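Observations on chain architecture
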Amino acid sequence: MYRIVLVITTFLFSVSGISQENISITYVGNMGVHIVHKNSSVLIDGLHTKYGDDYLFPTKDLVHKINTVLKPDAILFTHHHGDHFSAQLSENYLKSNKKAVLFGADQITKNFSNYKERVYTISTKDYTKQTISIDNFNITGVKINHVGKRHTSVQNVGYIINFDDVKILHVGDTNWLEEIDLFDHLQLINESIDIAILPYWMLLHKNTTELLKKHISPKHIVATHISPKIKPQELVELKRKYPNTYFLTTLEENIQL
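My aim in this report is to walk through the structure given alongside it, one point at a time. Counting starts from 1 at the beginning of each chain's written sequence and moves along it residue by residue. Per-residue local features of the predicted model are confined to residues with pLDDT of at least 70, and side-chain atom pairs are confined, for both listing and counting, to 80 or more; whole-chain, interface and lining totals are unaffected and use all residues. To obtain the side-chain values, all non-hydrogen atoms of the structure were used and water was disregarded.

**Digging into the sheet that holds strand S6 (residues 119–121)**
What counts is decided by this rule: For two strands to pair, DSSP has to find at least two bridges joining them. Comment: elements are numbered from the N terminus, with helices defined as DSSP H or I runs of at least four residues and strands as E runs of at least two. Axis angles are defined between N-to-C directions and span 0 to 180 degrees, where every axis is a line fitted to C-alpha atoms and, for a helix, only to the segment in contact.
Reading across the sheet, the 7 strands line up as S6-S5-S4-S3-S2-S1-S14 and stay open at both edges, with mixed pairing between neighbours. Because the sheet does not close on itself, it has two edges, and the strands there are S6 and strand S14 (254–256). Ignoring which end each strand starts from, the neighbouring axes of this sheet average 20 degrees apart. Two strands pair when backbone bridges link them, and strand S1 (residues 24–29) and strand S2 (residues 32–37) are joined in this way by 5 bridges, in the antiparallel orientation. If you follow Ser24 over to S2, its bridge partner there is Val36.

Written as structure tokens, this is what we have:
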């Protein structure tokens, strides 16, 4: 009997350990994150250059580390703005990592005609989810409108990365956009999202808590796109209001979930 209890206890401890450190997320600037699960990894919005003082970008040393050490299996881009995407850095990555693949909307993928067999274009004609299997995990892309009336022509893509039924959502530059019922169209509440990576301004809505519960209901929230020039008190207030949210502000800051 003692041996049975010991085996069960050991098993539960192991499962607990896996659940606590199953996913590693490393910040690489603006909305850029490197996500690792076991021997697989993806980089989302992680290859871009200086865009302005309001945006944090990966240094040359960090880009070199991405190319030679981190070496994600897939590089994903939500949209073509310079604080999320660099065509040159992305092509350099594909050249140096021959098995890596790239995801994006047409405004991204049209830059890589020489790599067609390694490039996946996510359609933004409607809100249909598109899933592609990559080795040991799945990537689902879907249109998620870019925030701001002046950016209606921007093809913004959200991603759901599925590692062994652990699902990570990255929405790019969007907002709740209740005027077009965006999240009603997306039906993300049915996706069992574990980790939601959101631009921090989605937390500024007066009904954020209700909207999160209604439309996404993630177990963990990671806030990005935080300006280096944000007022310290504003950040302190956000952390106070959302004590269980991770706020990424420092390059190579790491979260274990």
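**Side note on the packing of aromatic side chains**
Geometry of an aromatic ring pair is reported as the spacing of the ring centres plus the angle between the planes. Note the following rule: Working definition: rings of Phe, Tyr and Trp (its six-membered ring) pair if their centres are within 6.5 Å, and the pair is stacked with planes under 30 degrees apart, edge-to-face with planes over 60 apart, and tilted otherwise. Each residue gets one of three labels from its accessible area relative to the maximum for its type: buried under 20%, exposed over 50%, partly exposed in between, using a 1.4 Å probe on protein chains only.
A full pass over the atoms with the stated rule returns 7 aromatic pairs. Between the aromatic rings of Phe103 and Tyr120, the centroid separation amounts to 4.8 Å while the plane-to-plane angle is 20 degrees, which identifies the pairing as stacked. One end of the pair, Phe103, is in strand S5 (residues 101–104); the other, Tyr120, is in strand S6, with 17 residues separating them in the sequence. A relative accessible area of 0% places Phe103 in the buried class. Judged by centre distance (6.2 Å) and plane angle (65 degrees), the ring pair of Tyr200 and Trp201 falls under edge-to-face. Every member of this aromatic cluster is reached through a ring pair, and the members are Phe77, Phe85 and Phe112.

**Notes on the pairing of S2**
Counting buried residues along S2, 5 of its 6 residues qualify, which places the element largely inside the surrounding structure. Once S1 ends, the chain turns through 2 residues before running back antiparallel as S2, passing Asn30 with a positive phi of about 60 degrees. Bridging between S2 and strand S3 (residues 40–44) involves 5 bridges; their strand directions are antiparallel. Paired with Val33 across the strands is Ile44, a residue of S3. Where S2 folds back onto S3 in an antiparallel hairpin, the turn is made up of 2 residues, including Lys38, whose phi is positive at roughly 55 degrees.

**Quick notes on the environment of Ile180**
What counts is decided by this rule: Pairs of residues are marked as contacts when any of their non-hydrogen atoms sit within 4.5 Å.
The topology assignment puts Ile180 in the loop between strand S10 (166–170) and helix H5 (182–186). Judged by its relative accessible area of 33%, Ile180 falls in the partly exposed class. Contacts of Ile180, omitting those with residues within four sequence positions, involve Tyr127, Asn145 and His185.

**Some thoughts on the pattern of salt bridges**
Going by this rule: The rule for a salt bridge is simple: a side-chain nitrogen of Lys or Arg has to be within 4 Å of a carboxyl oxygen of Asp or Glu.
Taken as a whole and assessed by the stated rule, the structure comprises 7 salt bridges. A salt bridge links Lys167 to Glu191; its shortest N-O distance comes to 3.6 Å. In this pair, Lys167 is assigned in strand S10 and Glu191 in the loop between H5 and strand S11 (195–199), connecting sequence segments 24 residues apart. As far as the burial class goes, Lys167 and Glu191 line up, both buried. Measuring nitrogen to oxygen at the nearest pair gives 3.0 Å for the salt bridge that ties Asp194 to Lys219. Pair noted here: Asp194 is in the loop between H5 and S11 and Lys219 is in the loop between helix H6 (208–215) and strand S12 (220–224), with a separation of 25 residues, a long-range link.

So yeah, pure geometry; function would need other evidence.
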